[in-house]
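Below are the chains, spelled out letter by letter.
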Amino acid sequence: VLTVNSEEGQKIKKGELLLTLEAMKMEMAVTAPEDGTVMRINVKAGEQVSAGQALVDFETESQAKGKEGGSKLQSKVIDFSSLIVSEKARNPAALQENWEVLARNYVGAFTGFDYAKPAANLLHKLDTFVQAHPEFKKLTAELVVKACTAFISVQKLFQGRGESDTTQTTDAHEYLMHYLLRRDDREKGLPAWFLDQLKEAIKLFAWADQSSHESTTRALFHLYKASASTRVNADLLRQSLLYLQTLYPAAQDFTEPAAFTALLDQLIQVAPAGSTLMDAAVFARYDLVDRLLQDDLQIERQSQLAEILTPMITSGAKDSKALQEVIDSGHQLVTYLVSLYDRKSPQAKAILEIMARRFNRDRKFTD
């Protein structure tokens, strides 16, 4: 608690400052939700408080009028998701530091770190931060991509096998234990595909030196922890992909669509059996990439159709090859033609002719 700005017995108005708090180097103002009277202040300046703790008891005007009915006092409790951030908290350095903590905690869940528990709350904290600071939207979207990459690397390491190793009988855990227990010649006797996947997984840790036994051993410890949390992380990633679709309408706004598509395809392959992560990845691919590609293709086809219709309307000229392409096209263009049709428009005759040929058994067009 930084300051207490009200007194017991004081009449207050809605929005009036009751006290200020500091959390994660950010000042937050606690204000009155309604007109009323401060009945009791439960904290003092300099005191440490926690989420859900009652800070101030107050009586609203409506409660004061209805005391005979046994109305109870209201308490202003700490809810960090709804506190108003003061102007001092908009310090760029403080915001960046808060963001880095949130980002570290979120990605840490996928790389075997217990920075924050339960993991399910991490996405809510990110969303709360982004709502207050929309300028971090793109960074948040990129963070979800990093989480996908980390999850895939861990799953490929513990599930993986070489493309030509179809008869593999050794569990990946045995290879890892073999690597972990050796101090010298750690790679001796291990298949190349396993070593490649291991090196990719260790790259998740910027501090890991692959030439150092202690460093790689520490990285392996966290990889094991990440693997043990597969179910929890799969659910967090599922929620993250759904959240990503609310942040941006298109993948191209925060990453390269082709690379993102390849990433989601890998995610679909390694998703745990029985989880809904696979469905979330499929939906994310459709909503963020495929649907927009289809829309672009539809616009292109509509433009081509307009080029064909124009000479038919103006001069009656018919390009056999182009018209045949329209006749053989899919149902989307037929839907578009129907939307264009107007009996009184000069296009009506041309549109009817194309649709008639489209639905005719013999679609061959001849002049």
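Right above here is the structure, for reference.
Rules and cut-offs
- Residues numbered from 1 in each chain as written.
- Predicted model: local features only at pLDDT ≥ 70, side-chain atom pairs only at ≥ 80, totals over all residues.
- Heavy atoms only, no water.
- Helix = DSSP H or I, 4+ residues; strand = E, 2+ residues; numbered from the N terminus.
- Buried < 20%, exposed > 50% of the residue type's maximum accessible area, 1.4 Å probe, protein only.
- Contact = heavy atoms within 4.5 Å.
- Areas by Shrake-Rupley, 256 points an atom, 1.4 Å probe, with all protein chains shown as cover.
- Pairing = 2+ DSSP bridges.
- Salt bridge = Lys/Arg side-chain N within 4 Å of Asp/Glu carboxyl O.
- Axes fitted to C-alpha atoms, helices over the stretch in contact; angles between N-to-C directions.
- Parallel < 35°, antiparallel > 145°, perpendicular 65-115°, else oblique.
- Left-handed = near helix turned anticlockwise from the far one by under 90°.
- Nonpolar A, V, L, I, M, F, W, Y, C, P; charged D, E, K, R; others polar.
- Patch = residues over 30% accessible without salt bridge, like charges linked within 9 Å, V, L, I, M, F, W, Y side chains within 5 Å.
- Core = buried A, V, L, I, M, F, W, Y, C linked by side-chain atoms within 4.5 Å.
- Phe/Tyr/Trp six-rings, centres within 6.5 Å; stacked < 30°, edge-to-face > 60°.
- Polar contact = N/O pair within 3.5 Å; in protein donor to acceptor, adjacent residues only side chain to side chain.

Student: Can you tell me about the overall build of the protein chain, naming the residues and giving the values?
Tutor: Of the regular secondary structure elements, the protein chain holds 13 helices and eight strands. Taken over 367 residues, the protein chain has a buried fraction of 41%. Relative to all contacts within the protein chain whose residues are 6 or more apart in sequence, the contacts with residues 24 or more apart total 60%. Total accessible area on the protein chain stands at roughly 20,800 Å², and carbon and sulfur atoms take up 51% of it.

Student: Hey, could you go over the environment of Leu-102 for me, with residue numbers and the actual values?
Tutor: With respect to the helices, strands and loops of the structure, Leu-102 is situated in helix H2 (residues 92-110). For Leu-102, a relative accessible area of 11% gives the class buried. The spatial distance from the C-alpha of Leu-102 to the C-alpha of Thr-140 is 9.8 Å, given a sequence separation of 38 residues. When residues no more than four places from it in sequence are discounted, the contact partners of Leu-102 are Lys-125, Leu-126 and Phe-129.

Student: How would you summarise the pairing of strand S6 (residues 54-60) if you had to cite specific residues and measurements?
Tutor: In terms of burial, S6 is largely enclosed, as six of its seven residues are buried. Examined bridge by bridge, strand S5 (residues 36-41) and S6 share five bridges and lie antiparallel to one another. Paired with Thr-37 across the bridge in S6 is Glu-59.

Student: Break down the pattern of salt bridges for me, with residues and values.
Tutor: Applying the stated criterion across every chain yields a total of seven salt bridges. Among the salt bridges present, the one from Arg-285 reaches Asp-290, with a minimum N-O distance of 3.0 Å. By relative accessible area, which is 24% here, Arg-285 ends up partly exposed. Residue classification places Asp-290 among the partly exposed residues on the basis of a relative accessible area of 21%. Each of Asp-265, Arg-285 and Asp-290 takes part in a single network of salt bridges with overlapping partners.

Student: Quick one: what's the story with the packing of helix H3 (residues 120-132) against helix H8 (residues 230-247), residue by residue and with numbers?
Tutor: Where H3 meets H8, the closest approach of the two axes is 10 Å, and the angle between their N-to-C directions is 20°. Between H3 and H8, the interaxial angle falls into the category roughly parallel. The handedness of the crossing between H3 and H8 comes out as right-handed. Along the contact surface, H3 presents Leu-122, Leu-123, Leu-126, Asp-127 and Val-130, while H8 presents Leu-236, Gln-239, Ser-240, Tyr-243 and Leu-247. Residue classes in the contact of H3 with H8 are distributed as seven nonpolar, two polar and one charged.

Student: Can you tell me about a nonpolar patch on the surface, naming the residues and giving the values?
Tutor: Together, Met-278, Val-282 and Phe-283 give the surface a local cluster of nonpolar side chains, amounting to about 270 Å² of exposed area. Tracing the backbone shows Phe-283 in helix H10 (residues 277-314).

Student: Tell me about the pairing of S5, and please be specific about residues and values.
Tutor: Examined bridge by bridge, strand S2 (residues 11-12) and S5 share two bridges and lie antiparallel to one another. Bridge pairing in S5 links Lys-11 to Thr-37.

Student: Quick one: what's the story with the nonpolar core, residue by residue and with numbers?
Tutor: Residues Tyr-106, Phe-110, Leu-241, Phe-254, Phe-260 and Leu-267 are the most contacted members of the largest nonpolar core, which totals 46 residues. Broken down by element, this core gets its largest block of residues, nine residues, from helix H4 (residues 137-159). Ignoring any residue separated from it by four or fewer positions in sequence, one finds Leu-241 in contact with Val-144, Cys-148, Leu-264, Leu-267, Leu-277, Ala-280, Ala-281 and Ala-284.

Student: Hey, could you go over the packing of aromatic side chains for me, with residue numbers and the actual values?
Tutor: Going through the model one piece at a time under the given rule, you end up with 12 aromatic pairs. Where Phe-129 meets Phe-136, the ring centres are 5.0 Å apart and the plane angle is 70°; that geometry is what we call edge-to-face. A relative accessible area of 7% places Phe-136 in the buried class. The interplanar angle of 40° and the centroid separation of 5.6 Å between the aromatic rings of Tyr-248 and Phe-254 together place this pair among those described as tilted. Residue Tyr-248 shares its accessibility class with Phe-254, and that shared class is buried. An aromatic cluster is built from Trp-99, Phe-129 and Phe-136, whose rings are joined through pairwise contacts.

Student: Describe unusual backbone geometry, naming the residues involved and giving the relevant values.
Tutor: Excluding glycine, a negative phi dihedral is what most residues carry, and trans is how most peptide bonds are arranged. Of note, Asp-185 is a non-glycine position whose phi angle comes to about 50°, a positive value. For Asp-185, a relative accessible area of 56% puts it in the exposed group.

Student: Describe the packing of helix H6 (residues 192-202) against helix H7 (residues 213-228), and please don't skip the residues or the numbers.
Tutor: One way to put it is that H6 packs onto H7 with a least axis distance of 10 Å and a crossing angle of 90°. In terms of their interaxial angle, H6 and H7 are classed as roughly perpendicular. Across the interface between the two elements, Leu-198, Ala-201 and Ile-202 of H6 pack against Thr-216, Ala-219, Leu-220 and Leu-223 of H7.

Student: Let's hear about the side chain of Gln-155: which residues, and what values?
Tutor: Along the chain, Gln-155 turns up in helix H4. Given a relative accessible area of 5%, Gln-155 falls into the buried group. Looking at Gln-155, its side chain comes within polar contact range of the side chain of Thr-230, at 3.0 Å.

Student: Describe in detail the environment of Gln-245, supporting the description with residues and values.
Tutor: Relative to the assigned elements, Gln-245 resides in helix H8. Taking the C-alpha atoms as reference, Gln-245 lies 6.8 Å from Ala-284; in sequence the two are 39 residues apart. The contacts of Gln-245, once residues within four sequence positions are left out, are Ala-280, Phe-283, Ala-284, Asp-287 and Leu-288.

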